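# Survey of secondary and tertiary structure
So you can see what is in the structure, the chains are spelled out below.
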Amino acid sequence: MCSLLRGEEMCLAQLFLQSGSAYDCISELGELGLVEFRDLNPSVTTFQRKHVNEIKKCEEMERILGYLLREVKKADISLPERDVNPVAPLPKHIMSIMEQLQRLEVELGEVTRNKDKLQRNLLELTEYTHMLRITRTFVQRSVEREPLQAQYEEFPFLEKDTMLEYSSMQRLGAKLGFISGLIQRTKIQAFERMLWRVCKGYTILSYAEVEEYLEDPDTGEPSKRVVFLISYWGDQIGQKVKKICDCYHCHVYPYPSSNEERNDVVEGLRTRIQDLHTVLHRTEDYLKQVLMKASESVYTWVIQVKKMKAIYYILNLCSLDVTNKCLIAEVWCPVDDIPTLQRALEEGSRKSGSTVPSFNIVDAYGVGNYREVNPAPFTIITFPFLFAVMFGDLGHGAIMALFALWMVLYENNRKLKNTRNEIWNTFFEGRYIILMMGLFSIYTGLIYNDCFSKSLNIFGSGWSVKAMFTEGVWKIADIRGNRFLTLDPNVTGVFTGPYPLGIDPIWNLASNRLTFLNSYKMKMSVILGIIHMSFGVILSTYNHLHFKKKYNLYLVFLPELLFLLCLFGYLAFMIIYKWLVFTAKDSRLAPSILIHFINMFLMQGDGMQPLYPGQTGLQKFLVVIAVLSVPVLLLGKPVYLYWLHNGSNRIGMYRGYERVRRNSEEELYLMRAHDMEEGSDHSDLSTSGERPTEEFDFGDEFLHQAIHTIEYCLGCVSNTASYLRLWALSLAHAQLSEVLWAMVMRVGLRMDTTLGVLFLVPVFCLFAVLTVSILLVMEGLSAFLHALRLHWVEFQNKFYSGTGVKLCPFSFSLLPSSFEHDCLL
Amino acid sequence: MAELSFNKDHGYLEGLVRGMKAGILTDTDYHNLAQCDTLDDMKLHLQSTDYGKMLSSSEEDLTVSLVDSKLRENLVTEFSCLRSNALPPLSTFLDYITYSYMIDNVVMLITGALKQRDVAEVLPRCHPLGAFDPMAAVGIARTPTELYSAILVDTPLAQFFQEAVSDTNLDEMEAEILRSKLFKAYLESFHSFCKSLGGATRDTMCPVLEFEADRRAFIITVNSFGTDLSGADRSVLYPSCGKLYPEGLQLLARAEDHEQVKAVADCYPGYKIMFDDPEPESGCKTLEGRFFEQEVKLNTLAFLQQFHFGVFYSYIKLKEQESRNIVWIAECVTQRQKSKIHNYIPIFK
């Protein structure tokens, strides 16, 4: 229980590890995950540390592994993520793993390079065939055009002119040349323009699109290509055209001069493409084989390398002994686990999973100070309870509990655990608390007698309408004439006694149901709040006692508790008193608690009917005590500390003499503890040279205490008011679910033809969706938020400072385990 | 008023660039880098910065040129991320940044072609930020007119060509002159664009561009000593949007030697310090180095204001300077010149 209430006791241990076995020891500690290592050489930069070469080697391996994983993924081979937990490999085995990896890398690299080359080759050949096929249509088209030209023979001199030009060109030695190839479709426009500008029209460009998508060898994306054919005059222009083709990354292929040649080439290409296809298939098969083999052990390797790297990082944190023979490591470790630690260092292979209990809802606020009372064990119960007070609905609670139960039952399901959906993860992490919240909601739902805004009549209502007639208070005419009638509990037989559990279901029919429930819930939330806060104040005594500050008990805790109980505790008392004393018979005489409470502060109220004899006197007494406790709280602690500090010399002398007589060390230790309990001054201890003096500043101390006092006294008022949110949220929840029922479900239920049955199906769907989305998720989140606030602000500020540091032990299990989480992929 | 709706269009990118700016190496990073003994050590240290696994993902052995190209790749990735998300007028602004790299690339390709180098050999050395499609065809042109009308006319560089069109044959000297003319037109156009944007963009960008213009004027003057470029020829090349315009430029055109340039700089307090005799303990920094230092100073100022485009320009320039620093350190490390290793220019002190 002690370790549940407080954090573990910690100690700073120094480990001396023999350099030979340091690696194994750290590996063992990593499996254990108990200790947090301190950096003993913070001044040394990362690359000057001792094991930097090993880390580099690990990184090299990680790089190769990343490459392997990428290739495996590209080949669509599923990675076996088994639940194996291989231990970190021995340093001497690193080399063999490294070699294996390197061999794999080289092999893989060669195969993929070959494959790339083959694919490129194949692409070129396909492009070439496309080009040949399409350029033939160009030629055919020009052949078709020839008869057209014949029509213009009526203008012989035009024709002759071109002939002349052609022949003159031939005379000049200019040759008609062809360049043909493929180009990206997006570039053809710019290409054409450029050709025109540079060659000033001495070229003819014709082009057509390839229907199929061809894969780009660089990006691997399919893209459209265009086949073009440029005919040009002259060598110089040919040079330019070639350069332009180069700069637009055209793939240029030789243009066959005759049809026969073209057919030959096409024939040759076809056979070559077939050959390439077979070779490519073989290569791919081989590649797949290699990857399959690699994928079997890749997971183990990844984990091993990660562990190894982590070990070397830790070894880098250790410092060398003077003799260079052993390593010194400093670790933070829970005291209770020291035997485990020793065993681990001595023997090696023992595993233990001891963890300090922590609760995310508390840790999100702040990690507890060292050895401070941990609110987590109480919060586990109070949090779902306060949540349920706001979320009180049997049906909604049951749905929530079932959902959480499903998560709890399937918590080991890998699919649920490893999802990357953040919102889902939040819910999944909180599955146990959601389960608790659901169960508590079922309970409060029973108390409120609320199930999807309807009441359950389990035990039979305690009210009877029949009695009103048998006693003759109501006549038949009354029912006909009035819309509302009031049941009178004073008539015998009408009210037979309270409902055994929670609210009587008849209230669900009553028109003044809201007034009744409001009064009940408001008072209940005030009472719950006062209990919760008093509990917080009481918990602070554990801190005072544990930190050996007994004076805090009298000077802080007592006035705080008195202040709270005299004012608000008395309020709770009045509420309960009124519930118990006034019954239906004298309910008209019941006084207003609010008025009484205000009068209590004004010190009057003689003119009013007292609740009980001697009320005025008691109230005056309580107010005086509450007011008196404020100055005690404000001044007590600082003045006492001041007195201790100033009067230290005298007392110290006296105690010093005493100490001389007993000089056994254990007794000295006991004495010191005794001194501490009495709030002994620190300068006394420092005379023994073991503890430094703590500076005492009266101003500082006073200021802190003043702030604390103001915060506490005002906080009592505002925090009590703050607990009214329990009532408000619960009211909102009940009203929302009632509105949903009235606006959706009732519409469907009102239709009484056979069609109504069919109509009910979509209506119920709508009702279910709205219930889950609005009432469960949204309302649940808001109630969660308010419960959280009540704990963090109203409860924890009474005793919890939460400024501690969490122990983050060196543990292999904290390393990211799935492939997606690390940057290898 | 532009500030009101700035975040609607450009807020995301400004946030992004400010986040990336936080990744610029600090003094301690440089200090640690300067202590490295091998490139592997540098790689290890760079891993702990925003560069992350940039260098470790390659299988080849680490060389300075690999580091350089990786850094450049990194910069281009970041820039293209910004550019692809940009809306006008920021997109135009970002395009303007790339134009200077385009000009450099064109001139480099021309000189490459003049030296009969293969285009495939020169192309990888071009800055990828200034890459454009018909770039490789630049070598075809014989004269600037041809260059303009045939190749560059439908690239963004065409607008800077109005003054540069001439029919003289391109040689190395002419290529340099072409570069200067293009830069002049570019800077003036960029300057007027920033002015037209107004607001904080004008306030931050104009001083930077004015400084850039003046730097070009100084550098042209100093480099022209000993060549057959006359004063009148020079004055055509001076960008006219700097602080030196017009009197300082006239004086510079008349300058005959280094002393006279210094006399001109003395009139301008901002530039006086650049030409002051180096103090013995500050190490012998070149004129270029001092200009770079001044540029870094100016660019860091851009981050003091919000809702403007200057941060984008400054970030790219600062990142470029950072790459230069890293490459410098890497060079010193590989050549074992430990004494010169501290000549980098720290960016945020």
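These figures come from a predicted structure and were not determined experimentally.

Reading the values: rules and limits
- Counting restarts for each chain, with residues numbered from 1 along the sequence as it is written.
- Just so you know, chain letters begin at A and ligand numbers begin at 1, following the order they were written in.
- Predicted model: local features are reported for residues with pLDDT of at least 70 only, side-chain atom pairs are reported and counted for 80 or more only, and whole-chain, interface and lining totals are derived from all residues.
- To obtain the side-chain values, all non-hydrogen atoms of the structure were included, while hydrogens and water were left out.
- Pairing between strands is defined by DSSP: at least two bridges between the two strands are required.
- A run of H or I in DSSP becomes a helix once it reaches four residues, and a run of E becomes a strand once it reaches two; helices and strands are each numbered from the N terminus.
- The axes used here are C-alpha line fits, helices contributing only the stretch in contact, and every angle between their N-to-C directions lies in the interval 0 to 180 degrees.
- For each structure, a 1 Å grid was placed over the protein atoms alone; sets of points admitting a 1.4 Å probe that cannot get out are labelled cavities, open sets with protein on both sides within 12 Å along at least five of seven lines are labelled pockets, and lining residues have an atom within 4 Å of a point.
- Grid points are joined across faces, edges and corners, and a volume is the space filled by probe spheres set on the points.
- Note on residue classes: Ala, Val, Leu, Ile, Met, Phe, Trp, Tyr, Cys and Pro are nonpolar, Asp, Glu, Lys and Arg are charged, and everything else, Gly too, is polar.
- Values of pLDDT, ranging from 0 to 100, describe the predictor's confidence in every residue of the model.
- It only takes one pair of heavy atoms within 4.5 Å for two residues to be counted as in contact.
- What goes into a patch is any residue over 30% in relative accessible area without a salt bridge, connected to like charges within 9 Å or, for nonpolar side chains (Val, Leu, Ile, Met, Phe, Trp, Tyr), within 5 Å.
- Accessible surface area values rest on a Shrake-Rupley calculation with a 1.4 Å probe, where residue burial reflects the displayed protein chains alone.
- In the sections that follow, a salt bridge refers to a side-chain nitrogen of Lys or Arg positioned within 4 Å of a carboxyl oxygen of Asp or Glu.
- The term buried area refers to how much accessible surface (probe radius 1.4 Å) is lost by two components on association, counted for both of them together.
- Polar contact is the term for a pair of N or O atoms within 3.5 Å; when the atoms are in protein, one must be able to donate a hydrogen and the other to accept it, and sequence-neighboring residues count only if both atoms are side-chain atoms.
- When the sulfur atoms of two cysteines come within 2.5 Å, that pair is taken as a disulfide.
- Any residue under 20% of the maximum accessible area for its type is buried, any over 50% is exposed, and the rest in between are partly exposed; the area is computed with a 1.4 Å probe on protein chains only.
- Here, the arc refers to the directions that run from the helix axis to the C-beta atoms.

### Comments concerning the sheet that holds strand S7 (residues 225-233) of chain A
Residue and element names in this part refer to chain A. Ordered in space as S4-S7-S3-S8, the four strands form an open sheet in which the pairing is antiparallel. Edge positions in the open sheet fall to strand S4 (203-209) and strand S8 (251-253), since each of these has one partner strand only. On average, each strand axis in the sheet is inclined to that of its neighbour by 25 degrees, with strand direction left out of account. Bridge count between S4 and S7: seven bridges; the pairing is antiparallel.

### Quick look at the layout of surface pockets
Residues and elements named next belong to chain A. Estimated volume of the second largest pocket: approximately 2,000 Å³. Contributing to the lining of the second largest pocket are 39 residues, with Trp463, Pro489, Trp507, Asn512 and Phe516 lying nearest its centre. Going through the elements one at a time, helix H18 (513-546) and helix H19 (550-581) are the ones with two or more residues in the lining of the second largest pocket. The leading source of residues in the lining of the second largest pocket is H18, at five residues. When grouped by side-chain class, the residues that make up the lining of the second largest pocket number 22 nonpolar, 10 polar and seven charged.

### Things to note about the confidence of the model for chain A
All names here are of chain A. Across chain A, the average pLDDT comes to 77, with 78% of residues at 70 or higher. Note that residues 145-169 has pLDDT below 50 and, in this model, four contacts with residues that lie over four places away or in other chains. Scored below 50 in pLDDT, residues 347-358 makes 18 contacts in the model with residues more than four places away or belonging to other chains.

### Some thoughts on a nonpolar patch on the surface
Residue and element names in this part refer to chain A. On the surface, a nonpolar cluster with roughly 1,000 Å² of combined accessible area is contributed by Leu402, Phe403, Leu405, Trp406, Leu409, Tyr410, Ile423, Phe427, Val772, Val777 and Leu781. Taken together, the elements giving at least two residues each to the nonpolar patch come down to helix H12 (394-409), helix H14 (422-429) and helix H27 (755-795). Residue contributions to the nonpolar patch peak at five residues, all from H12. Residue placement: Leu409 occurs in helix H12.

### Describing the interface of chain B and chain A
Every contact between the two is made by 25 residues of chain B and, on the other side, 20 residues of chain A. Buried area between chain B and chain A, summed over both chains or domains, comes out near 2,000 Å², and the portion from carbon and sulfur atoms is 58%. In this assembly, chain B and chain A are joined by zero salt bridges. Counting the contacts that link chain B with chain A gives zero residue pairs in polar contact (both at pLDDT 80 or more). Looking at the side of chain B that touches chain A, the elements with two or more residues in it are helix H3 (39-47) and helix H7 (144-152) of chain B. Ranked by the residues each element gives to the side of chain B that touches chain A, the list is headed by H3(B), at five residues. Of the residues in the side of chain B that touches chain A, the class split is nine nonpolar, nine polar and seven charged.

### Brief notes about the state of the cysteines
Per the stated rule, a full pass over the model turns up zero disulfides over all chains. No disulfide involves A:Cys716; its sulfur sits 6.6 Å from the nearest other cysteine sulfur, which is in A:Cys713.

### Considering helix H11 (residues 247-254) of chain B
The α-helix advances 3.6 residues per turn, and as a result positions three or four apart in sequence lie on the same side. Looking only at H11(B), the buried set comprises B:Gly248, B:Leu249, B:Leu252 and B:Ala253. Buried residues in H11(B), looked at end-on, bunch into an arc of 140 degrees, giving them a common side.

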